[in-house]
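Residue-level structural notes
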Amino acid sequence: MRLSRTVIFLLLTLALGTARADWHHREAAIMGTRIAVELWADDGAVGERAVEAVLGEMRRVDALMSHYKPESQLSQINQRADREAVKVDPELAQLIIRAARLSELTGGAFDITYASVGHLYDYRAHTRPTDAEIAAGLGAIDWRHVIVDPQASTVRFSRTGVRIDLGGIAKGYAVDRAIGIVQSMGIAHASVTAGGDSRIIGDRFGRPWIVGIRHPDDPGRVIARIPLVDTSISTSGDYERYFDEGGERYHHIIDPGTGRSAGEVRSVTIIGPDATTTDGLSTSVFVLGPQRGLELVEKLGDVDAIIVRRDGKVLYSSGLGEPP
Ligand code: AMP
Ligand code: MG
């Protein structure tokens, strides 16, 4: 029996309809922030599974590392590591080791023990520690107080009063993990964002992905649009979590040396090879300020920076050049 052309056309349409190449897009609220996924899949079902896998991975990392969740392994460390070595997943031990390396590289500007004082700020409730509370807590801020045994996969604090918080690096880490998963599913064009941290693989409709950097005082205004392919980008800003009081801004990026919000810049954007790196560095350069921050970026070589100074001036690292 010969099939008519119309029947063949109908069968083909049906077959292609179930496995249609298309873009898949999803947004969700996880890790206390906005998650956005956009990816291209040759097979529609694979695309949907990849989107679900990204969101699932974000939830998994959050459950492991959130300091809001008392049952998370990170919270277990904060509750018990001053008395005993706390057993954790190797993955968490490794990220804490990575954070310590960044502390060393940045002369302590990045320091997950900032939380020893940082936990006394509540930006929603507009409360902050007194000078006496800051002075009492400062001694507990030092990344060297955190002792990780990678073989035993345990974490211990060398003294009491220490708290850690991976908020400066965990979102970038989760983005990298998510990108790894979609790549293993054969996806070659994707963008995954968690709050201010994004990683991009491939291009978008044959063109670069465009990521906008917002004006620190106006979410509707963009100060720069950056075309990106196969890269990561993170922005840290003093407008993310904050309250204003007496002409001062109290925000969530804390100078470990003072226990107070870092004040020299409004935002820092880092472009680099992976999102764990760009996330950690955007927080670090924010604390270091424009001069020492740009020095570090130039020294590293494989990253670029866009810094909005407190007076509004925008500075670019040499890899981006000064636009006209
Ligand atoms: P980001 O938006 O990536 O700059 O991350 C800001 C978050 O990093 C804060 O909400 C804190 O959880 C954490 N953080 C604040 N100050 C520091 C610091 N000096 N070193 C490491 N993490 C920090
Ligand atoms: Mg960061």
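Okay, so let's go over this structure. (Residues numbered from 1 in each chain as written. Chains lettered and ligands numbered in written order. Predicted model: local features only at pLDDT ≥ 70, side-chain atom pairs only at ≥ 80, totals over all residues. Heavy atoms only, no water.)

**A short note on the overall build of the protein chain**
For clarity, the threshold we go by: By the criteria applied, helices consist of DSSP H or I runs no shorter than four residues and strands consist of E runs no shorter than two, each listed in order from the N terminus. We compute the radius of gyration from the C-alpha atoms alone; for a globule the expected value is 2.2 Å times N to the 0.38, where N is the number of residues. Exposure categories follow from relative accessible area, calculated using a 1.4 Å probe and restricted to protein chains: below 20% of the type maximum is buried, above 50% is exposed, and the middle band is partly exposed. Every residue pair with non-hydrogen atoms within 4.5 Å of one another is taken to be in contact. To measure how exposed things are, a 1.4 Å probe is used in the Shrake-Rupley method; for residues, cover is taken only from the protein chains shown. In summary, the charge assignment counts Lys and Arg as positive and Asp and Glu as negative, without counting His or the chain termini. Note that the charge is assigned to NZ on lysines, CZ on arginines, CG on aspartates and CD on glutamates.
When helices and strands are tallied, the protein chain shows eight helices and 17 strands. The C-alpha atoms of the protein chain give 22 Å as radius of gyration, which agrees with the globular expectation for 324 residues (20 Å, within 12%). By residue count, 48% of the 324 residues in the protein chain fall in the buried class. A separation of at least 24 residues holds for 58% of the contacts in the protein chain among residues at least 6 apart in sequence. Carbon and sulfur atoms form 52% of the exposed surface of the protein chain, whose accessible area is close to 16,000 Å². If you average the places of the 37 positive and of the 43 negative side-chain charges in the protein chain, the two averages end up 3 Å apart.

**A short note on the layout of surface pockets**
Heads up, the condition is: Grid points spaced at 1 Å and placed over the protein atoms alone form the basis of the search, with a cavity being a set where a 1.4 Å probe fits but cannot get out and a pocket an open set showing protein on both sides within 12 Å along at least five of seven lines. Lining residues have an atom within 4 Å of a point. Grid points are joined across faces, edges and corners, and a volume is the space filled by probe spheres set on the points. Throughout this entry, Asp, Glu, Lys and Arg are counted as charged residues, while Ala, Val, Leu, Ile, Met, Phe, Trp, Tyr, Cys and Pro are counted as nonpolar. The remaining residues, Gly among them, count as polar.
When its volume is computed, the largest pocket comes out at roughly 1,300 Å³. Lining the largest pocket are 49 residues; nearest its centre among them are H67, Y68, D165, G167 and R241. Counting residues per element, the ones that place at least two in the lining of the largest pocket are α2 (44–65), α3 (73–80), α5 (115–118), α7 (170–184), β10 (231–237) and α8 (275–300). Ranked by residue count, the leading element in the lining of the largest pocket is α8, at four residues. When the residues that make up the lining of the largest pocket are grouped by side-chain class, the tally is 18 nonpolar, 19 polar and 12 charged.

**Some remarks on the nonpolar core**
The line we're drawing: The set of buried Ala, Val, Leu, Ile, Met, Phe, Trp, Tyr and Cys residues whose side-chain atoms join them within 4.5 Å is what this entry labels a nonpolar core.
L39, M58, M65, I77, I96, L166 and V182 are the most contacted members of the largest nonpolar core, which totals 68 residues. In contact with I96, not counting residues within four places along its chain, are I77, I112, V146, V148, V155, I164 and L166. In this structure, I213, I226, L228 and I233 belong to the second largest nonpolar core, which totals 11 residues.

**Considerations on the sheet that holds strand β4 (residues 146–149)**
Our working rule: Strands were regarded as paired on the criterion that DSSP finds at least two bridges between them.
If you walk across this open sheet you meet the three strands as β3-β5-β4, and the pairing is antiparallel. With partners counted over all chains shown, the strands left at the sheet margins are β3 (86–87) and β4, one partner each. In this sheet, strand β5 (residues 154–157) lies alongside β3 in antiparallel orientation, the contact comprising two bridges. Directly across from K87, in β5, lies its bridge partner T154.

**Considerations on the packing of α2 against helix α4 (residues 90–105)**
Operational definition: Between the N-to-C directions of two axes lies an angle of 0 to 180 degrees, each axis being a line fitted to C-alpha atoms and, for a helix, fitted only over the stretch in contact. Angles below 35 degrees are treated as roughly parallel, those above 145 as roughly antiparallel, those between 65 and 115 as roughly perpendicular, and all remaining angles as oblique.
In contact at an axis separation of 11 Å, α2 and α4 are set at 75 degrees when each is read in the N-to-C sense. Of the possible angle classes, the one that applies to α2 and α4 is roughly perpendicular. Mapping the contact onto sequence places R60, L64 and M65 in α2 and E91, L92 and L95 in α4.

**Focus on the pairing of strand β12 (residues 248–251)**
Alignment of strand β11 (residues 242–245) against β12, held across four bridges, turns out to be antiparallel. Considered in β12, the bridge of D244 is made with R249.

**Here's the deal with the pattern of salt bridges**
Which entries qualify depends on this criterion: What makes a salt bridge here is a side-chain nitrogen of Lys or Arg within 4 Å of a carboxyl oxygen of Asp or Glu, nothing more.
Tallied over the entire structure, the rule returns 21 salt bridges. The closest approach of N and O atoms between R128 and E245, which form a salt bridge, is 2.9 Å. Taken together, the residues span a long stretch of sequence, with R128 in the loop between α5 and α6 (131–138) and E245 in strand β11 at a distance of 117 residues. We note a salt bridge from D176 to R199, for which the minimum N-O separation is 2.6 Å. In this pair, D176 sits in helix α7 while R199 sits in strand β7 (residues 197–201), placing the two residues 23 residues apart along the sequence. Both residues of the pair, D176 and R199, count as buried.

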